[in-house]
Amino acid sequence: VVAAASLLMFEVLPHLTSMGTTTHSAELVQIPDFTPILNSPVALGGILYTGLVTTALALWVESQAFRRVPATDASLILTTEPLMAAGIGALTLGETFGVSDYVGAAMIVGACVLATVLDSPASGDDDCDPKVDDQCQLERKRPYKTV
């Protein structure tokens, strides 16, 4: 979707800004020339590495790892991913944060804290340990009533 929108903007925006100055119909649609990219082993290698290793392989490893953790833990890890990316960007690239970045980070941390508090076991079930007893079901606090 993003690639299609980018290509559309790349093709349409110049025609919207020229407003009728183009007289030839061949100039209305320009398809980028990908020949230099396709002829370059370095460019093709970079594209393949980005698509296969940093995207496909990383998502496959991530999905395999998340199969082994509870859903709440997986969602907390995925929720904090933008914070980790921003922190690594700040440390390695010198990225700076604005007020909206701090507000967004506070909202993410607040949501994680709220999810952790709401998922804590209800009091009064101290003798119930699901790791020991397979029949033990801890009652969870919920912010709303379920039907």
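Residues numbered from 1 in each chain as written. Predicted model: local features only at pLDDT ≥ 70, side-chain atom pairs only at ≥ 80, totals over all residues. Heavy atoms only, no water.

1. Quick word on the overall build of the protein
- Each helix and strand in the protein was counted, giving six helices and zero strands.
- Helices and strands in the protein line up, N terminus first, as α-α-α-α-α-α.
- Burial analysis of the protein (147 residues in total) assigns 5% to the buried set.
- Looking at the protein alone, contacts between residues at least 24 apart form 23% of all its contacts between residues at least 6 apart.
- As presented, the protein carries roughly 12100 Å² of accessible surface, and 67% of it is formed by carbon and sulfur atoms. (Helix = DSSP H or I, 4+ residues; strand = E, 2+ residues; numbered from the N terminus. Buried < 20%, exposed > 50% of the residue type's maximum accessible area, 1.4 Å probe, protein only. Contact = heavy atoms within 4.5 Å. Areas by Shrake-Rupley, 256 points an atom, 1.4 Å probe, with all protein chains shown as cover.)

2. Concerning the packing of aromatic side chains
- Across all of its chains, the model carries one aromatic pair by this definition.
- With a centroid separation of 5.8 Å and 75 degrees between ring planes, the pair formed by Phe97 and Tyr102 is classed as edge-to-face. (Phe/Tyr/Trp six-rings, centres within 6.5 Å; stacked < 30°, edge-to-face > 60°.)

3. Description of the confidence of the model for the protein
- Mean pLDDT over the protein works out to 77, with 69% of the residues at or above the 70 mark.
- Within the protein, no element has a lower average pLDDT than helix α1 (residues 2-18), which sits at 73, and none a higher one than helix α5 (residues 81-93), at 92. (pLDDT = per-residue confidence, 0-100.)

4. A look at a nonpolar patch on the surface
- Where nonpolar side chains cluster on the molecular surface, the patch consists of Leu48, Tyr49, Leu52, Val53, Leu57, Trp60 and Val61 and spans about 710 Å² of accessible area.
- By secondary structure assignment, the location of Tyr49 is in helix α3 (residues 41-66). (Patch = residues over 30% accessible without salt bridge, like charges linked within 9 Å, V, L, I, M, F, W, Y side chains within 5 Å. Salt bridge = Lys/Arg side-chain N within 4 Å of Asp/Glu carboxyl O.)

5. Regarding α5
- Counted at 1.5 Å a residue, the expected span for α5 with its 13 residues is 18 Å, and the 17 Å between its end C-alpha atoms agrees.
- Just past α5, the residue Gly94 takes up positive phi, approximately 75 degrees. (Expected span 1.5 Å × (residues − 1).)

6. So, α3
- Over its 26 residues, α3 extends 35 Å from the first C-alpha to the last, a length consistent with the 38 Å expected when each residue adds 1.5 Å.
- The largest bend in α3 amounts to roughly 30 degrees and is located at Tyr49. (Bend = angle between axes of the 7 residues up to and from the residue.)

7. Quick word on the environment of Ser75
- Note that Ser75 resides in helix α4 (residues 71-79).
- The exposure class of Ser75 is partly exposed, given its relative accessible area of 36%.
- Each C-alpha atom of the pair Ser75 and Cys112 lies 8.8 Å from the other, and the pair is 37 residues apart in sequence.

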